[in-house]
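Residue-level structural notes
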Amino acid sequence: MEHHHILRGETPATLRRLKWLFTSLGLSGAREFPCNRWGAVPSAVPITLRDSRRADGAQLLASIREEMGDCKRCRLHEGRGHLVFGEGSPSAPLVFVGEGPGFDEDRQGRPFVGRAGKLLDKMIDALQLARKDLYICNVVKCRPPGNRTPQSDETEICSTFLVRQLMAIRPRVICTLGACAARTLLGTLAPMTVLRGKVHQWRGIPLVCTFHPAYLLRNPSQKPSTLKDLREIHRILSAQEGG
Ligand code: URA
């Protein structure tokens, strides 16, 4: 009775989300997987990363993708070539979250495959990880016209899917690339100068903010700071492995 009372005023969408949340919380497993060489960023011995606790991440991701369908929930669908959902391991220990697809991503339907993507690949190399073992996605899944910053209603609508992707994977660390992703997940308008340099928490998952690779292409002098952020990610993953 009490529960009915609490839920009475809720919208069907909220109830659907709650149902999904309870279902996914009930489903968890644990697996081990060997991480490839690790150590370029910090000089560390190779470690074995436990992957995220979700055994059913692939299924959950597939159902989120299916629910998105031929999404027309916001104006961004009007100019898109492909919806870029995200890609990588459903049990990734680390998820990178960018802003939204650019020209190349829109054409190929894959995240971070253009110039910024090449730099992200180097960042992943620096961590001595493989792209296929991580998960990469964006706040908005359709390319904003002329690569403009997504508007708040667009991020609000699309980030419900991002949240569900992250909950499906439950990575050990989230790394936001640029202000849009950081602000969306942390619910703040704070600038990067404030957001960087500390470990935030997103629903109990450590979250590290770093610069967007596209920004780094224009401002290479920030690369050393980015390396510090990557070191922090390594530290968190190593500490979790050791603990
Ligand atoms: N920039 C982003 O934020 N995401 C991509 O997928 C590509 C470029």
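Residues numbered from 1 in each chain as written. Predicted model: local features only at pLDDT ≥ 70, side-chain atom pairs only at ≥ 80, totals over all residues. Heavy atoms only, no water.

For the rest of this paragraph, the subject is the nonpolar core. Among the nonpolar cores identified, the biggest contains 60 residues, and Leu94, Phe96, Val97 and Trp202 are the most heavily contacted of them. Ranked by residues supplied to this core, first place goes to helix α6 (residues 152–169) with eight residues. Leave out the neighbours within four places in its chain, and Leu94 touches Leu127, Leu129, Leu134, Tyr135, Pro171, Val173, Cys175 and Ile233. (Core = buried A, V, L, I, M, F, W, Y, C linked by side-chain atoms within 4.5 Å. Buried < 20%, exposed > 50% of the residue type's maximum accessible area, 1.4 Å probe, protein only. Helix = DSSP H or I, 4+ residues; strand = E, 2+ residues; numbered from the N terminus. Contact = heavy atoms within 4.5 Å.)

Here we come to unusual backbone geometry. Phi is positive for Asn147, which is not a glycine, with a value near 60°. For Asn147, the location among the structural elements is in the loop between β3 (135–138) and α6. A positive phi angle, near 40°, is found at Arg170, a position not held by glycine. Of note, Arg170 is situated in the loop between α6 and β4 (173–177).

Attention now moves to helix α7 (residues 179–186). For α7, the full list of buried residues reads Cys180, Ala181, Ala182 and Leu185. On its buried face, α7 is in contact with β2 (94–98), α6, β4, α8 (192–195), β5 (199–202) and β6 (205–210).

Take the pattern of salt bridges next. Following the criterion strictly, the structure yields twelve salt bridges and no others. Among the salt bridges present, the one from Glu67 reaches Arg164, with a minimum N-O distance of 2.9 Å. Of the two residues, Glu67 sits in helix α3 (residues 57–68) while Arg164 sits in helix α6, which places them 97 residues apart along the sequence. On the accessibility criterion, Glu67 (37% relative accessible area) is partly exposed. Each of Arg75, Arg148, Asp153 and Glu154 takes part in one network of salt bridges that share partners. (Salt bridge = Lys/Arg side-chain N within 4 Å of Asp/Glu carboxyl O.)

With that settled, consider the pairing of β4. Counting buried positions over the five residues of β4 gives five, a clear majority of the element. Taking every second residue as pointing to the same face, both faces of β4 are buried, with Val173, Cys175 and Leu177 on one and Ile174 and Thr176 on the other. Bridging between β2 and β4 involves four bridges; their strand directions are parallel. Bridged to Val97 within β4 is Thr176. Note: β4 against β6, four bridges, orientation parallel. (Pairing = 2+ DSSP bridges.)

Next up on the list: the packing of aromatic side chains. Applying the stated criterion to the full structure yields one aromatic pair. Plain terms: the ring middles of Phe211 and Tyr215 are 5.1 Å apart, the flat faces sit at 25° to each other, and that makes the pair stacked. Assessed through its relative accessible area of 8%, Phe211 is described here as buried. Take Tyr215: its relative accessible area is 29%, and that puts it in the partly exposed class. (Phe/Tyr/Trp six-rings, centres within 6.5 Å; stacked < 30°, edge-to-face > 60°.)

Okay, the site of the ligand next. For the ligand, the full set of nearby residues is Gly98, Glu99, Gly100, Glu105, Pro111, Phe112, Asn138 and His212. Note that an oxygen atom of the ligand is positioned 2.8 Å from one of the side-chain N or O atoms of His212. Against a free-state accessible area of 230 Å², the protein chains account for coverage of 91% of the ligand. Looking at the shell around the ligand residue by residue, the classes come out as two nonpolar, four polar and two charged. (Near = heavy atom within 4 Å. Polar contact = N/O pair within 3.5 Å; in protein donor to acceptor, adjacent residues only side chain to side chain. Areas by Shrake-Rupley, 256 points an atom, 1.4 Å probe, with all protein chains shown as cover. Nonpolar A, V, L, I, M, F, W, Y, C, P; charged D, E, K, R; others polar.)

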